[in-house]
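A closer look at the structure
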Amino acid sequence: MAIYSIRMRASKNNEHISGAERIASSMDIQKTVSALINRALLHEIGKPDEINISVERLKQKKIKKLKALNITTILVDDYKQGRQCASQLLELIGVDKRAIKKAMDYMANGASPDKKNMRGAMIIDYKTGKRIEPDRYRGIRASRMDIAKQAEARLISTLKKMRINNPYIREAIVLATKVANAPETIAELCWSDEPSYQAGYVASKRFGYVRFPYLKEKGSPFGGRAFFIDSKKLDLEMYINFLEQQAVLITRIGRCKPPVNWNTFLNEAVIPAP
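Figured I'd write up the structure that's included with this text. (Residues numbered from 1 in each chain as written. Predicted model: local features only at pLDDT ≥ 70, side-chain atom pairs only at ≥ 80, totals over all residues. Heavy atoms only, no water.)

1. A few points about the sheet that holds strand β2 (residues 15–25)
As a reminder, the rule being used: Two strands are said to pair when DSSP picks up at least two bridges between them. Secondary structure elements follow DSSP: runs of H or I of four or more residues count as helices, runs of E of two or more count as strands, with numbering from the N terminus. Here an axis means a line fitted to C-alpha atoms, over the contact stretch when the element is a helix, while the angle between two N-to-C directions is reported on a 0 to 180 degree scale. Should any heavy atoms of two residues lie within 4.5 Å, those residues are counted as being in contact.
With antiparallel pairing, the three strands of this open sheet are ordered in space as β2-β1-β3. The open sheet has two edge strands with one neighbour each: β2 and β3 (50–58). When strand polarity is set aside, the average angle formed by the axes of neighbouring strands in this sheet is 15 degrees. Summarising the sheet, strand β1 (residues 3–12) and β3 pair through nine bridges and their orientation is antiparallel. Bridging across to β3, A10 finds its partner in I51. The strands that helix α1 (residues 29–41) touches are β1, β2 and β3; relative to β2, the one it contacts most, it runs at about 160 degrees.

Rendered as structure tokens:
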């Protein structure tokens, strides 16, 4: 049976407002496209001016199958505490304070040159904070990814038990797993540009997907993603090609740990010597 990558992008007033990715069989294309269009039409910012749907056949042998990152939730009181803990976690992974501050400042104030949200992610050197993505308006869009139906059912069941099940976290886990499995990725920082959604995460192969219920102010329209890399060891073209072109399917889920506070996380986490 033929397999397809289905991608939706929606914009309003020439600004990106919604996007989603699916990998589906030929039998499921129509209902998948319909669900993605409905998602765009129901966006909290309002109905989009334009919805673009892309359907591309994939070669099944070239689809990379991955296990999802382990999931941990760190309990914080507000976005300020969330950013402080996220910063400390990024430092544990090896990201320099300067790079963390620059990434957070960009994401909190609009990362594109016109001080609006980027359509994709920043690529940031983990030591200097220098941005190296070719287009600072578009950024890098991790694409062609999804989770298999059986794995998704297990993930939904697990997240429901933790009372954190929603489409945002499920899709973020898929994206974060793909990004973390690029050998050049050191860590990822993300929070949503959805005004009502305050949660965000730090992801890495070392600690998995670490979620913070608050990483931005309620009502803020700013958000985005930063991929931290070592620019001295990076083949930028190959890195971007993996993120944007390599099809990835999550076939197994990781562990989902009960929510903990920051100190408990530190005490329980295995932190190898750098």
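2. Observations regarding the nonpolar core
Test applied: Definition of nonpolar core: a set of buried residues of the types Ala, Val, Leu, Ile, Met, Phe, Trp, Tyr and Cys, connected through side-chain atoms within 4.5 Å. For every residue, the accessible area (1.4 Å probe, protein chains only) is compared with the maximum for its type, and the residue is labelled buried under 20%, exposed over 50%, or partly exposed between those bounds.
Y201, Y209, Y239 and L243 are the most contacted members of the largest nonpolar core, which totals 40 residues. Broken down by secondary-structure element, the contributors of at least two residues to this core are β7 (145–147), α4 (149–161), α5 (167–180), β9 (200–204), β11 (224–229), α6 (236–245) and β12 (248–252). If one sorts the elements of this core by residue count, α5 sits on top with eight residues. Those residues in contact with L243, other than ones at most four positions away along the chain, are I140, R141, A142, S143, K178, V179, A182 and F227. Core analysis: the next-biggest nonpolar cluster, separate from the first, contains 32 residues, I74, M104, M118 and F265 among them.

3. A look at the side chain of D28
Rules: Each polar contact in these results corresponds to two N or O atoms within 3.5 Å; when the atoms are within protein, one needs to be able to donate a hydrogen and the other to accept it, and residues that are neighboring in sequence are counted only if both atoms are side-chain atoms.
Among the structural elements, D28 can be located in the loop between β2 and α1. Assessed through its relative accessible area of 14%, D28 is described here as buried. A distance of 3.0 Å separates polar atoms of two side chains, one belonging to D28 and the other to K149.

4. Thoughts on the pattern of salt bridges
Here is the rule: By salt bridge we mean one thing: a side-chain nitrogen of Lys or Arg within 4 Å of a carboxyl oxygen of Asp or Glu.
Enumeration according to the criterion identifies twelve salt bridges in this entry. The residue E133 makes a salt bridge to R131 at a minimum N-O spacing of 2.5 Å. As far as the burial class goes, E133 and R131 line up, both buried. One salt bridge connects E244 with R138, and the closest N-O pair in it is separated by 2.8 Å. Here the residue E244 occupies a position in helix α6, and R138 occupies one in the loop between β6 (122–125) and β7, the gap between them amounting to 106 residues. On the accessibility criterion, E244 (12% relative accessible area) is buried. When its relative accessible area of 30% is taken as the criterion, R138 is described as partly exposed. Through salt bridges with shared partners, a single network forms among R7, E56 and R144.

5. Description of α6
Those residues of α6 not exposed but buried are Y239, I240, F242, L243 and E244. In this structure, the buried side of α6 is in contact with β4 (64–67), β6, α5, β8 (185–191) and β11.

6. What about a positive patch on the surface?
Quick reminder of the rule: Only residues whose relative accessible area exceeds 30% and that take part in no salt bridge are eligible for patches, with like-charged residues grouped when within 9 Å of each other and nonpolar side chains (Val, Leu, Ile, Met, Phe, Trp, Tyr) grouped when within 5 Å. The Shrake-Rupley method, run with a 1.4 Å probe, gives the accessible areas here. Residue values count only the displayed protein chains as cover. Under the convention used here, Asp and Glu are negative, Lys and Arg are positive, and both His and the chain ends fall outside the count. A single reference atom marks each charge: NZ on Lys, CZ on Arg, CG on Asp, CD on Glu.
Together, K67, R252, R255 and K257 give the surface a local cluster of positive charge. Tracing the sequence through the fold places K257 in the loop between β12 and β13 (260–261). Judged by relative accessible area, which is 35%, K257 ranks as partly exposed.

7. Some details on the pairing of β2
In regular strands, side chains alternate between the two faces of the sheet. Relative to β2, β1 is paired through ten bridges, and the arrangement is antiparallel. Note that in β2 the partner of M8 across the bridge is A20. A loop of two residues connects β1 with β2, the two strands running antiparallel in sequence, and N13 in this loop sits at a positive phi of about 55 degrees.

8. Regarding the sheet that holds β4
Spatially, β4-β12-β7 is the arrangement adopted by the three strands of the open sheet, whose pairing is parallel. Here the strands that pair on one side only, and so sit at the sheet edges, are β4 and β7. Between one strand axis and the next, the sheet turns by 30 degrees as a mean value, whatever way the strands run. Sheet topology places β7 next to β12; three bridges connect them, and they run parallel. Counted as the bridge partner of M145 is V248 from β12. Packed on one face of the sheet, α5 meets β4, β7 and β12 and runs near 125 degrees to β7.

Note that every value here comes from positions in space, so none of it alone points to a role or purpose.
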